[in-house]
Structures are given as structure tokens and as C-alpha cells.
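Observations on the model geometry
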Amino acid sequence: MPLTNPWLAGPTPVGRLNRERLEERILNLLSSQNMCVLATTGPDGPLATPVRYYPLDFTVLFTASPRSPKMRNIAADPRVSVGIFAPLVGLASSRGAQVFGTARVLDPAHPDRAHYWEAFRWENEHAERGRSVSEPPEDTLVVVEPERIVYTEHWLRREGFAPRQVWRRTSPDRQDTPR
């Protein structure tokens, strides 16, 4: 029987993308999707919540009701994981990212809010809800700046690269490479 994607057969390649190329692929994924699954942990255990997000470079932004279960969990433990994926047609098109970081909750008076708020497309949500688009909302903004991103793309196998690549945030005085 002929194989549609023969490059999926055989051993998995182990090659690593250079940092610049990996970052380009991650940014493409983040900017081409708008839904993620936010994973938090609270007193009742793990919680996975679908959330509409907006990206700012590698940072994931979303709003949430302060009384929601996900926000209660973030208050108890701000370590989160965010899953973002492109629609899947088959293994060859499998593409996604797991973003690991600490959630920061920025209320309307927080001094860092304006920097992030510029990237948040609140007008879309207001139009959908029949609210005025002339006045920005005072919603709580959640910012997840990643420490680590596990990027998966099976199409990379065609070029001899491992389908799973790891990006880590670097400090300004240290140059880090994907592992």
C-alpha cells in the first residue's frame, strides 16, 4: 500500500532548528490562531479551560472574570501551561505549542497594563457583545510570558529535524539554544 507521507515512516529525526528559525515558527503559530487551552491547578485539581487569546511576541494575553475558577486557581498557583494548536488533518499537519510560564494578573490600574493592552483586540469582543467600541473595557488582563515553549510540528521531519523542539527564554547576559 503506498504511503501518503513516506517521510513519517522510519526513525524519528533528532536534528534541532536554530533559535531564529524555531522562533519564527512559534511566532507564526501564535499569530495564526486565537484559541488556546489554559491549564491551571487549584484545590479541586487540574482545570483545562478554552480561552480566546491575543499574542504579543511570545506572550499570551487574555481577559477573565476575577471570580472565575481559572482566576481562583491562578491566585492560588500562578504557574500555568497554555496549549495552542493548528487544526489537525493528519499526523503530517500536526502543529502546536505548549507554553509554560507564570500568569500575571494586571488590573486596570497596574502600571504594566498599557504595554500589553495595545496588543489586545478588545474591539472585536465588544462588537460581538453589542458593547460600545469607543470606550476600552476595564477587564482584568492576564499575561503569560513563557519560560519554556515545547513546539511540535511533524512536517519538520521532512527536513531531518525532530518534530518536537524546545525554546527557552534567555537572560540578556546568557545565550541559550533550543534543546
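Note that this is a predicted model, so its numbers are computed, not measured. Residue indices begin from 1 for each chain and proceed along its sequence in written order. Side-chain atom pairs in this predicted model are given and counted only at pLDDT of 80 or more, local residue features only at pLDDT of at least 70, and totals for whole chains, interfaces and linings cover all residues. Hydrogens and water molecules were not included; the side-chain quantities draw on all heavy atoms of the structure.

Quick look at the packing of aromatic side chains
Going by this rule: Planes of paired rings set the category: under 30 degrees apart is stacked, over 60 is edge-to-face and the rest tilted, where pairs are Phe, Tyr or Trp rings (Trp by its six-membered ring) whose centres lie within 6.5 Å. In this text, helices come from DSSP runs of H or I with a minimum length of four residues, and strands from runs of E with a minimum of two, each type numbered from the N-terminal end. Note on exposure labels: buried denotes an accessible area under 20% of the residue type's maximum, exposed denotes more than 50%, and partly exposed covers the range between, all computed with a 1.4 Å probe on protein chains only. Definition used: whenever NZ (Lys) or CZ (Arg) falls within 6 Å of the ring centre and also within 35 degrees of the ring normal, the charge is taken to sit over that ring.
Scanning all chains against the criterion turns up four aromatic pairs. An angle of 65° between the planes, with centres 4.6 Å apart, marks the rings of Y54 and F120 as edge-to-face. Placement of Y54 in strand β3 (residues 54–56) and of F120 in the loop between α3 (113–117) and α4 (122–128) is noted, with a sequence separation of 66 residues between them. Residues Y54 and F120 agree in their burial class; the two are buried. Ring geometry for W117 against F120: centres 5.0 Å apart, planes inclined by 15°, an arrangement best described as stacked. Put simply, the rings of Y54, W117 and F120 touch in pairs and so form one group of aromatic residues. Against the face of F100 rests R148, its NZ or CZ located 4.1 Å from the ring centre.

Observations regarding the layout of surface pockets
The cut-off we apply is this: Cavity and pocket criteria rest on a 1 Å grid covering protein atoms alone: a 1.4 Å probe that fits but cannot get out defines a cavity, protein on both sides within 12 Å along at least 5 of 7 lines defines an open pocket, and an atom within 4 Å of a point defines a lining residue. Grid points are joined across faces, edges and corners, and a volume is the space filled by probe spheres set on the points. Each residue gets one label: Ala, Val, Leu, Ile, Met, Phe, Trp, Tyr, Cys and Pro are nonpolar, Asp, Glu, Lys and Arg are charged, and the others, such as Gly, are polar.
Here the largest pocket defines a volume of roughly 200 Å³. Elements with a contribution of two residues or more to the lining of the largest pocket: β2 (45–52), β4 (59–64) and α4. With three residues, the top contributor of residues to the lining of the largest pocket is β4. The residue inventory of the lining of the largest pocket, partitioned by class, reads five nonpolar, three polar and six charged.

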